[in-house]
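Structural description and commentary
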Amino acid sequence: MKHKAILSPGLFFIGDELKGENVSKSQRTLGDLAGIFEDQAAYGRMPAEQLAYEVYSYLPEREGTPGGLYFGITRLYPGKVGNEYFMTKGHFHRLEDRAEYYWGLEGEGMLILMDRERNTWAERMVPGSLHYIPGGVAHRVTNTGSGILSFAACWPSDAGHNYEEIANEGFSARLIEENGTPKLR
Ligand code: PAN
Ligand code: ZN
């Protein structure tokens, strides 16, 4: 009975940490990112068990529920495979028109975006930067700094993730370090 009850918060978002009873955690190692980096030889020389990123999420609705919202924090480790920065797998949403907010919490990186015509562009991510990702736009984050890059995200609980398309076709450009600076190529 919640009528007239005064409740203490059970969920905390402090700095770049998400804490609470129903927070779930998932991890991606380099081994989970097979096929996404260009330099396959360099990828083959790296330890498959090395942690690339972890995601803390609060998923208060059943996956697929229309009208609900999910919240997550991604912590992406620094590093490169050859000249390509560590990055998230990237995806379109399964329900294509579902949008999302990302915002930078810590570290430096780039949000790589690609529309349905395969135009690809990047937005610099810094602590406090806010990024609106419209529906129909694939999204992935790269860590261009020397420390951890963390960002928060909020997306609809019926958005879903279409990873297959990016796994098969990739983005139409990659963020590569050239003479010490990141370039989309
Ligand atoms: C984010 C991402 C998270 C990890 O919560 O799922 O940053 O990236 P990948 O899912 O591409 O591995 C989000 O965009 N949710 O929709
Ligand atoms: Zn998303």
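Residues numbered from 1 in each chain as written. Chains lettered and ligands numbered in written order. Predicted model: local features only at pLDDT ≥ 70, side-chain atom pairs only at ≥ 80, totals over all residues. Heavy atoms only, no water.

1. A look at the nonpolar core
Taken as a class, soluble globular proteins show a tendency for nonpolar side chains to be buried jointly. Within the largest apolar cluster, 26 residues are counted, with the highest numbers of intra-cluster contacts made by L30, L33, F37, Y102 and V141. Going through the elements one at a time, helix 1 (40-44), strand 4 (51-58), strand 5 (69-76), strand 9 (109-114) and strand 13 (149-156) are the ones with two or more residues in this core. Setting aside residues no more than four positions away along its own chain, L33 makes contact with Y43, A52, Y53, M87 and K89. Grouped together as the second largest cluster of nonpolar side chains are nine residues, Y85, M110, F171 and L175 included. (Core = buried A, V, L, I, M, F, W, Y, C linked by side-chain atoms within 4.5 Å. Buried < 20%, exposed > 50% of the residue type's maximum accessible area, 1.4 Å probe, protein only. Helix = DSSP H or I, 4+ residues; strand = E, 2+ residues; numbered from the N terminus. Contact = heavy atoms within 4.5 Å.)

2. Examining a nonpolar patch on the surface
Taken together, the side chains of Y101, L130 and Y132 make up a nonpolar region of the molecular surface, amounting to roughly 340 Å² of accessible area. Mapped onto the elements of the fold, L130 is located in strand 11 (residues 130-133). On the accessibility criterion, L130 (58% relative accessible area) is exposed. (Patch = residues over 30% accessible without salt bridge, like charges linked within 9 Å, V, L, I, M, F, W, Y side chains within 5 Å. Areas by Shrake-Rupley, 256 points an atom, 1.4 Å probe, with all protein chains shown as cover. Salt bridge = Lys/Arg side-chain N within 4 Å of Asp/Glu carboxyl O.)

3. Brief notes about unusual backbone geometry
You will see that K4, though not glycine, has its phi angle at about 70 degrees, which is positive. Its place among the elements puts K4 in the segment before strand 1 (11-14). With a relative accessible area of 73%, K4 lands in the exposed category. Positive phi, normally seen in glycine, also occurs at N179, with a value near 50 degrees. Along the chain, N179 turns up in the loop between strand 14 (175-178) and strand 15 (181-184). Take N179: its relative accessible area is 79%, and that puts it in the exposed class.

4. Digging into the pairing of strand 10 (residues 120-125)
Put simply, side chains in a regular strand alternate between the two faces of the sheet. Sheet topology note: the strand 9/strand 10 ladder contains six bridges and is antiparallel. Residue pairing for strand 10: L111 is matched across the bridge by E123. Once strand 9 ends, the chain turns through five residues before running back antiparallel as strand 10, passing R118 with a positive phi of about 65 degrees. (Pairing = 2+ DSSP bridges.)

5. Remarks on the coordination of the zinc ion (ligand 2)
The coordination sphere of the zinc ion (ligand 2) contains the protein donors H91 (NE2), H93 (NE2), E100 (OE) and H139 (NE2), at a distance range of 2.1 to 2.3 Å. Considering all six donor atoms around the zinc ion (ligand 2), angles at the metal cover 73 to 172 degrees and the coordination shape is octahedral. Mapped onto the sequence, the residues coordinating the zinc ion (ligand 2) show the spacing H-x1-H-x6-E-x38-H. In this pair, E100 sits in strand 8 (residues 100-106) while H139 sits in strand 12 (residues 138-143), placing the two residues 39 residues apart along the sequence. Here the two residues E100 and H139 agree in accessibility, since each one is buried. (Donors = N, O, S within 2.8 Å, 3.2 Å for Na, K, Ca; no water. Tetrahedral: all angles 85-135°; square planar, octahedral: opposite > 155°, others 65-115°.)

6. Remarks on the sheet that holds strand 13
Backbone-to-backbone hydrogen bonds join strands into a sheet, with any given pair of strands oriented parallel or antiparallel. If you walk across this open sheet you meet the six strands as 3-4-5-13-8-11, and the pairing is antiparallel. If you trace the sheet from one side to the other, it starts and ends with strand 3 (23-29) and strand 11, each paired once. The sheet shows a mean angle of 20 degrees between the axes of neighbouring strands, direction not considered. (Axes fitted to C-alpha atoms, helices over the stretch in contact; angles between N-to-C directions.)

7. Comments concerning the pattern of salt bridges
Within the structure shown, the criterion is met by 13 salt bridges. E38 serves as the salt-bridge partner of R185, at 3.8 Å between the closest nitrogen and oxygen. Taken together, the positions of R185 in the segment after strand 15 and E38 in the loop between strand 3 and helix 1 put the pair 147 residues apart, joining distant regions of the chain. Exposure remark for R185: the relative accessible area of 51% places this residue in the exposed category. With its nearest N and O atoms 2.6 Å apart, the salt bridge here joins E165 to R116. Here E165 is found in helix 2 (residues 164-169), whereas its partner R116 is found in the loop between strand 9 and strand 10, with 49 residues between them in sequence. Residue class for R116 comes out partly exposed when judged on its relative accessible area of 36%. Taken together, the salt bridges that share partners define one network made up of D16, K25, E54 and R75.

Note that every value here comes from positions in space, so none of it alone points to a role or purpose.
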